[in-house]
Structures are given as structure tokens and as C-alpha cells.
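# Observations on chain architecture
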Amino acid sequence: RISLDRDEGEIAEFERLLTRAEIERAARFRFEEDRRRYLSAHTMLRKLLSEYLPGGAVPIEFQFGPEGKPAIPESPLRFNLSHSGQLALVAFTLNREVGVDIERIREGVNDEGIAHRFFSQSESSALSALPERQRDHAFFRIWTRKEAYVKARGGGLSIPLDSFDVSLDSAKAELLRAPDLGRWEMFHLEPNPGYCAAAVAERGVETVRISTI
């Protein structure tokens, strides 16, 4: 769990670990706050990777999958990054694919019809059946669980969000329908008040720990 509201000095300390492509992308952000938070997320990711990997003081070159998921060539370390608002999450595993998603909970998102357009019929119906006061949190539970699954698979936009089902229960995250259902475990995360998050990893993960930097 990473706070993205870091001062420029701390960002600059680790900015040397970024690639030219990351620095150029940061420069294209229209708003200064978005640029700073992007740099915070990616510099802290690189800092953490440098602590796990030998020779971490130099920029780490990623290898990208067909849909853009980054990986480190010839390393058993797997990782995934997500950020929203003032927070980021980075998930690390060994020898198991992993995906993570975090979202700042916003009111009235479901009123925009997103669930109807992108969720499966069973998910959309279950969401609509809830009392109105519960729908915002339930929407983001579904959304983060679906995004974490897609990111774990490395499928990006090639995996339609209505092609699989997840639970919306507040206590238990679960993949209910998917072509590779037996491959994955899903975890509900509570990184901070006002945020919702989920992680998905290949089966065999014994412990999930959240630490803060």
C-alpha cells in the first residue's frame, strides 16, 4: 500500500530508476497532480523491485505480454500495480501470476449504467436487487474483482467483463464463473476507508499481507 502524496524530493530520489518511456508518459499528463501521482506510483514500484532483485540500482527493463502486462524476464517474481486517488497497491508473488485493482469509491457511479453495459446479467441483477445505499460499495467490489482477474490473466481488453462472474459479497471475494475457474484464488482487500480493492493470484498462495510504504 503506497501513499501517492509524496514530496518531489522523494520522487526525485528514485526517479533515476524509471525508464525514458515512463518519464515521457508522465510529462504528457495535463494536470500536475496526475503527473505527480503517476511518478509516485511508478517510482515506488521500481524502488520495491530494486529491493527484491539483484542489480536493482539500474533501471529494470520490463518484458510486456500481448496485452501490455509487464514482467521481468527470467525472474520468478511476479507483480502488478494499480492506483486510484491518493493510493496505490502493488502485489508481489513468486512463480504465480497475480493481478490487483484498487478504486476510490465514488457515489452514483452505478447511475451511469456502467454495470448494465459491462457486467454479466447475474451481476447486474444482483447489484440492482440491493438497497440503494449499498450499491456504490457493491459496484466497486464487483469492479475491482473483475479488473484484478483480467489483470492476473494479462488479457486486457481481450477479455469481456461480462464473460465471467464474481461475487459481490462484502466478506468473501470469489470467482463464480470463468473458463479457467480452478486456476485462481480471489482476495478482498480493504486498503483504506473510502477505497475498495481486490487481488487475484494463481492457486497456492498461503498468506496475504498488506504492508505500507
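Residues numbered from 1 in each chain as written. Predicted model: local features only at pLDDT ≥ 70, side-chain atom pairs only at ≥ 80, totals over all residues. Heavy atoms only, no water.

### Points about the side chain of glutamate 185
- By the element assignment, glutamate 185 lies in strand β9 (residues 184-189).
- This buried residue, glutamate 185, is left without a salt bridge; arginine 203 holds the nearest opposite charge, at 4.2 Å.
- A distance of 3.2 Å separates a polar side-chain atom of glutamate 185 from the backbone nitrogen of valine 205.
- Other than its neighbours up to four places away in sequence, glutamate 185 contacts Ala199, Val200, Ala201, Glu202, Arg203, Gly204 and Val205. (Helix = DSSP H or I, 4+ residues; strand = E, 2+ residues; numbered from the N terminus. Buried < 20%, exposed > 50% of the residue type's maximum accessible area, 1.4 Å probe, protein only. Lys, Arg positive; Asp, Glu negative; His and termini not counted. Salt bridge = Lys/Arg side-chain N within 4 Å of Asp/Glu carboxyl O. Polar contact = N/O pair within 3.5 Å; in protein donor to acceptor, adjacent residues only side chain to side chain. Contact = heavy atoms within 4.5 Å.)

### Focus: the pattern of salt bridges
- Tallied over the full model, the rule gives 14 salt bridges.
- A salt bridge links arginine 37 to aspartate 5; its shortest N-O distance comes to 3.3 Å. Separated by 32 residues along the polypeptide, arginine 37 in helix α3 (residues 32-52) and aspartate 5 in the loop between β1 (2-3) and α1 (8-14) bring together distant segments of the chain.
- A relative accessible area of 36% places aspartate 5 in the partly exposed class.
- Residues joined by salt bridges that share partners form a network here, namely Asp5, Glu33, Arg36 and Arg37.

### Comments concerning unusual backbone geometry
- Even without a glycine there, the phi angle at glutamate 74 is positive, about 60°.
- Topologically, glutamate 74 is positioned in the loop between β3 (70-71) and β4 (77-84).
- By relative accessible area, glutamate 74 is classed as exposed at 86%.

### Looking at the side chain of serine 75
- Among the structural elements, serine 75 can be located in the loop between β3 and β4.
- Using a relative accessible area of 13% as the deciding quantity, one classes serine 75 as buried.
- Engagement of the side chain of serine 75 in a polar contact is seen with the backbone nitrogen of leucine 77, the distance being 3.1 Å.

### A short note on the sheet that holds strand β10 (residues 195-202)
- Reading across from one edge, β6-β10-β9 is the order of the 3 strands in this open sheet, with antiparallel pairing throughout. In the strand order of this sheet, the two ends are held by β6 (98-104) and β9, each with one partner. The mean angle between the axes of side-by-side strands here comes to 15°, regardless of whether they run parallel or antiparallel.
- Here β6 pairs with β10 via 7 bridges, running antiparallel. Bridging from a neighbouring strand, arginine 104 pairs with tyrosine 195 of β10.
- The strands that helix α6 (residues 132-153) touches are β6, β9 and β10; relative to β6, the one it contacts most, it runs at about 150°. (Pairing = 2+ DSSP bridges. Axes fitted to C-alpha atoms, helices over the stretch in contact; angles between N-to-C directions.)

### A word on the nonpolar core
- Phe139, Tyr149, Phe164 and Leu175 are the most contacted members of the largest nonpolar core, which has 29 residues in total.
- Counting only elements with at least two residues in this core, the list comes to α4 (114-118), α6, β9 and β10.
- For this core, the element with the highest residue contribution is α6, accounting for 9 residues.
- Listed in part, the 18 residues of the second largest apolar core include Leu45, Leu53, Ile60 and Val90. (Core = buried A, V, L, I, M, F, W, Y, C linked by side-chain atoms within 4.5 Å.)

### Structural notes on the sheet that holds strand β5 (residues 87-94)
- Overall, antiparallel pairing links the 3 strands, which are arranged β1-β5-β4 in an open sheet. Of all strands in the sheet, those bounded by a partner on one side alone are β1 and β4.
- The pairing of β4 with β5 spans 8 bridges and is antiparallel. Directly across from serine 82, in β5, lies its bridge partner leucine 89.
- Contacting β1, β4 and β5, α3 crosses the sheet at an angle of about 160° to β4.

### Here's the deal with the confidence of the model for the protein
- Of all residues in the protein, 98% attain a pLDDT of 70 or more, and the chain-wide mean is 91.
- Of all the helices and strands in the protein, α1 carries the lowest mean pLDDT, 80, while strand β7 (residues 165-166) carries the highest, 98. (pLDDT = per-residue confidence, 0-100.)

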